[in-house]
Amino acid sequence: MSFDSPSSLAGSSASSAHAAVLDTDALERLRELDPLGKSRLLERVLRAFEASARRLARQFGEARAAGDMQGIRHVVHTLKSSSASIGAVCLARLCAEIEASIRIEAFASLPERLDAMDRELAAVLQAVTPMLSAAGTPT
Amino acid sequence: MTLRVEPSADDLPERPRVLLVDDDEVNLLLTSVALQDQGFDVIEASGGEQALRVLADWLPDIVVLDAVMPGLDGFETCRELRSLPGFESLPVLMLTGLDDDASITRAYEAGATDFFVKSTQWSLLAGRLRYLLRASRTRVELERSKSRLARAQDLARMGSFDWRRGQNGPVFSIEGLRVFGLGAGEQPAFRSLLRMIPEEERKAFLELTHSAMDRSTVLATDVHARLVDGRQRIVHIEAEPEFNEHGNLVGYTGIVQDVTDRRLAEDRIRHLANFDTLTGLPNRRQLIWRAERALEHGRRLGHEVALLLIDLDRFKVINDTLGHGAGDDLLIEVSRRLRSCVRHSDQVLESSLESVGVRSHRTLEAVGRLGGDEFVALLPEVSDEEDAERVATRILEVMRKPIMIGLQECFVTASVGIAIFPRDGTTVADLLRNSDIAMYAVKSAGRNSSSLYRPNLAGKGREKLELESALHKAIERNELVLHYQPKIDVRGARMIGAEALMRWRRHGQLVAPGDFIPLAEETGLIIPLSEWAIRETARQARVWQDNFGFADSIAVNLPSRLFERTDLVEYIHNAVTTYGVPHHAIELEITETGLMKDLQNVIPSLHRLNEIGVEISIDDFGTGYSSLAYLTTLPISELKIDRSFVRDLGMTPQSSAVVTAIIALARSLGLRVIAEGVENLRQMEVLHRLGCGIMQGFLFSKPQPPEDIERWLQQTVLPKKAPWIGQASSHDNAEPVRVRAREPRGKPIGKLP
């Protein structure tokens, strides 16, 4: 998995790109927590997400390569709630499905799901990164 | 600056402190910001280990824990936290995933207070936290009030119990076990509790509990219990029935309380209220209560009840001569003897009194002390009056043996009056009064005997009889007082002595001497009355001697029959030496009539009195038919001109003739002469001109209480302010007297004859 393949975002504006992977309602709720942008909350949240997501993406790759199911489970569990928080609804749903599958040991469709999650995570990061440079100014 | 107010259950801290633990930075940040926005102070920790480190020196109001974390996860953290001292009841909220049922169960097992599904609806979390904080406050309050209750129960030696149907026995709280002297964990079986109750009480207690359970009613009773360690206690049990939704009795819940101390105190109070402290006998109140119960029984069962009033003869003499301590000892011994004359029961079983038909009223029988030297024997059932008389005879009999008081042998007799229900009265008050009348009849007939009440006693006039019996008690009740009228030396304008006149203060009013002296004469009471007057006069002489150097004599009126008594001289001697005044401090007045009636018997006394220095004055002189021959031989010192002659002075020529004659006679015999009943200045002038310089009367002073006499001396005599002062020496002055003496009108108050 790599983050330097901008295929899905090529040619599109940042706003239209994140509209696909980030739920605008969720983002709106985040802004409401800091309506005047005084504490630069949105920026801090997105930065925290980015840092944590990049770390988790690395852990995910390692765990998957090692076939470490509990490692994967931990990654998706954490990612599940943090992605939900920033409105990455699709990623959060994928994480929840994977976590549930591992819990009930239903590994049949797991590889496809893991691939899908991998892609979605890349897309979310792709959407988040440009927002960070523009952070503080509401979109 | 805000004032910090102690928070209560409804009043949360202004900004509750939250320890927020989550390994996910995004969630941690967002939750933290959201909670701060909702009014919480948040400290964040990114994992279990860090959370426990924070808790080492900071106490939050609530902890929010993410369940799934790397390292020490939420469950482990919660378990650790709970084991720390002081964190046992700190509210902990566990955050779990939506579909994570297993975590919910685990959360509770780890000691979490509640769980919450992670959500991006931050305000929901804040609401839940507030709810948890309130619940926790309430719980803390509850714990506090529970421990306060436990402490209160401990202080009250009280504990609770619970009994469920089908259980072997009641289940007690720790405090409840303590009441029975048991430790925590020693839940006793019902049978072993029963064994603590004395056998004779056990059956009644079982019946009571069974009947309460059968009827599903409240159980409230006191039982005696002998605890395992041998202590005897009284335990109060009170329990209420509990019902299930069908209205069936499912058990009892209640309290047990050690009421031993309270019961002992109550018993003591009851005893003090109902028994005489000196003799231990039932007191007036208890006696009246018993007598009322006895009358009820008599009425119902149709039998007679007898009330014996026992009054000791001359107890006052013993008290006065041997002292009150000796008097008390004597009363105690008399009480002991009186008790032996009846089937005396100290305790009346009130419950048994309610049962009809049995002879339970027998327990009412008792001797009680009404007060002073008065006792009552209550015989709750007599077959006839002879029954009561037999008891009276026994009473007189047991008194016959001398009573040793210290080293002194005392002989005490009693007078007993008997009244029988229903013949002599249907109320306790009537019976008491009539037994008193009967007792008084014994006294006047010479004491040391008993008498049944007879209507003819009342025929003497109830009022008179009541007056008689009241007068009988007047001395010991301190109802008698002496007033004093000064004897004046008119020329010197000074007081040279006084006459003591008796007054009876009854129910706050003065009874005129004319209303009780004749009665006292008739009944013989005049003797103790006179004896009292002698002692009181001696005492007063001493008071005046101390207060203003009084060195003259005070005259006491005595009836002639007192002069017949061989111990009169000794009695006076004792009285004056008791108070440390000379014998001449007391002067005795005897009426001319009284003297002449008993001359032969009186003369020896007069001589002996004269020998010890007690002077004798002949009162009302001129009214009798004195044998002048005798007068010359009698050891008397003074003649008192009767008031009737003084009153008529200047109005009838005879009166001044008699007065002139008396003065002449007195002079020839070497006797003092004094005029009494002097009411105005004209009388004073005439008397003075005729040669009588000593006078007594309203012109100078009416009879007054001793302290008023002192004031009169201070304010009238010494400053020479009275109209009569100066008149005597200037009576031949041509100026007519203009100043009228202010004096009360009306009949002069009488005096002892």
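Residues numbered from 1 in each chain as written. Chains lettered and ligands numbered in written order. Predicted model: local features only at pLDDT ≥ 70, side-chain atom pairs only at ≥ 80, totals over all residues. Heavy atoms only, no water.

### Observations concerning the overall build of chain A
- The number of helices and strands found in chain A is 6 helices and 0 strands.
- Its helices and strands taken in sequence order, chain A reads α-α-α-α-α-α from the N to the C terminus.
- Within the span of chain A, comprising 139 residues, buried residues form 45% of the whole.
- Total accessible area computed for chain A in this model is approximately 6,800 Å², and 54% of it derives from carbon and sulfur atoms. (Helix = DSSP H or I, 4+ residues; strand = E, 2+ residues; numbered from the N terminus. Buried < 20%, exposed > 50% of the residue type's maximum accessible area, 1.4 Å probe, protein only. Areas by Shrake-Rupley, 256 points an atom, 1.4 Å probe, with all protein chains shown as cover.)

### Some thoughts on the packing of aromatic side chains
Residue and element names in this part refer to chain B.
- In the structure shown here, the tally under the stated rule is 10 aromatic pairs over all chains.
- With a centroid separation of 5.3 Å and an interplanar angle of 65°, the aromatic rings of Phe172 and Phe180 are classed as edge-to-face. Phe180 shares its class with Phe172; the two are buried.
- Here the aromatic cluster, defined as three or more aromatic residues joined through ring pairs, consists of Tyr484, Trp544, Phe548 and Phe550. (Phe/Tyr/Trp six-rings, centres within 6.5 Å; stacked < 30°, edge-to-face > 60°.)

### Let's talk about the side chain of B:Asp276
Residue and element names in this part refer to chain B.
- You can see Asp276 is positioned in the loop between α9 (260-274) and α10 (284-301).
- Under the relative-accessibility criterion, Asp276 is labelled buried at 15%.
- Not counting the four nearest positions on each side in its chain, Asp276 is found in contact with Leu281, Pro282, Asn283 and Arg369. (Contact = heavy atoms within 4.5 Å.)

### Considering helix α4 (residues 101-109) of chain B
Residues and elements named next belong to chain B.
- Of all the residues in α4, the buried ones are Ser103, Ile104 and Ala107. Buried residues along α4 cover an arc of 105° about the axis, so they all sit on one side. Seen from the buried face of α4, the exposed residues on the opposite side, beyond 90 degrees, are Asp101, Ala102 and Glu109.
- On its buried face, α4 is in contact with α3 (74-83), β4 (92-96) and β5 (114-117).
- Residue Gly111 follows α4 closely and has a positive phi angle near 100°. (Arc of directions from axis to C-beta.)

### Thoughts on the pattern of salt bridges
Residues and elements named next belong to chain B.
- What the rule picks out here adds up to 56 salt bridges over all chains.
- In this structure, Glu333 and Arg336 form a salt bridge, with 2.9 Å as the shortest nitrogen-oxygen distance. Taken together, the positions of Glu333 and Arg336, both in helix α12 (residues 324-339) and 3 residues apart, correspond to about one turn of that helix.
- Using a relative accessible area of 52% as the deciding quantity, one classes Arg336 as exposed.
- Salt-bridge contacts for Arg400 lead to Glu397; the nearest nitrogen and oxygen are separated by 3.6 Å.
- One network of salt bridges, in which partners are shared, links Lys487, Glu499, Glu587, Glu589, Glu615, Glu638, Lys640, Arg643, Arg672 and Glu676. (Salt bridge = Lys/Arg side-chain N within 4 Å of Asp/Glu carboxyl O.)

### Some points on the sheet that holds strand β9 (residues 232-243) of chain B
Residues and elements named next belong to chain B.
- Pairing within the open sheet is antiparallel, and its 5 strands lie in the order β7-β6-β10-β9-β8. Among the strands making up the open sheet, the edge pair consists of β7 (171-172) and β8 (219-226).
- Summarising the sheet, strand β6 (residues 158-164) and β7 pair through 2 bridges and their orientation is antiparallel. When the sheet's bridge partners are listed, Asp162 is paired in β7 with Val171. (Pairing = 2+ DSSP bridges.)

### Here we look at the packing of helix α19 (residues 526-548) of chain B against helix α28 (residues 706-717) of chain B
Residues and elements named next belong to chain B.
- Interaxial distance between α19 and α28 falls to 11 Å at its minimum, and their mutual angle equals 30°. Judged on the interaxial angle alone, α28 and α19 are roughly parallel. Between α19 and α28 lies a crossing whose hand is right-handed. Every residue of α28 that contacts α19 at Gln540, Trp544, Asn547 and Phe548 is listed here: Pro706, Ile709, Glu710 and Leu713.
- Looking at side-chain class alone, the contact of α19 with α28 contains 5 nonpolar, 2 polar and 1 charged residues. (Axes fitted to C-alpha atoms, helices over the stretch in contact; angles between N-to-C directions. Parallel < 35°, antiparallel > 145°, perpendicular 65-115°, else oblique. Left-handed = near helix turned anticlockwise from the far one by under 90°. Nonpolar A, V, L, I, M, F, W, Y, C, P; charged D, E, K, R; others polar.)

### Some thoughts on the interface of chain A and chain B
- Contacts between the two partners involve 19 residues from chain A, matched on the other side by 18 residues from chain B.
- Of the roughly 1,700 Å² buried at the junction of chain A and chain B (both faces included), carbon and sulfur atoms supply 61%.
- For the chain A face of the interface with chain B, the top three residues by lost area are A:Arg29, A:Leu33 and A:His77, together amounting to 30%.
- Seen at the junction of chain A and chain B, the total is 1 salt bridge.
- Inspection of the chain A/chain B interface yields 2 residue pairs in polar contact (both at pLDDT 80 or more).
- Those elements giving two or more residues to the side of chain A that touches chain B turn out to be α2 (24-33), α3 (41-66) and α4 (69-86) of chain A. (Buried area = accessible area lost by both parts, 1.4 Å probe. Polar contact = N/O pair within 3.5 Å; in protein donor to acceptor, adjacent residues only side chain to side chain.)

### A closer look at the confidence of the model for chain B
Residue and element names in this part refer to chain B.
- Scored by pLDDT, chain B has a mean of 84; 91% of the residues are at 70 or more.
- Predicted confidence is poor over residues 1-9, with pLDDT under 50, and the contacts of this stretch with residues over four places away or in other chains come to 9 contacts.
- Overall, residues 730-753 carries pLDDT values under 50, and its contacts beyond four positions in sequence, including any with other chains, amount to 43 contacts.
- The ipTM value of the predicted complex is 0.79, and its pTM value is 0.41. (pLDDT = per-residue confidence, 0-100.)

### Points about the nonpolar core
- Formed by 90 residues in total, the largest nonpolar core has its most connected members in B:Phe563, B:Leu588, B:Ile641, B:Phe700 and B:Trp724.
- In terms of residue count, the dominant contributor to this core is α19(B) (9 residues).
- Leaving out residues up to four positions away in the same chain, B:Leu588 has contacts with B:Val556, B:Leu558, B:Phe563, B:Leu568, B:Ile572, B:Leu609, B:Val614, B:Glu615, B:Ile616 and B:Ser617.
- One finds A:Leu79, A:Leu94, A:Leu121 and B:Val26 within the second-largest nonpolar core, a separate group that totals 45 residues. (Core = buried A, V, L, I, M, F, W, Y, C linked by side-chain atoms within 4.5 Å.)

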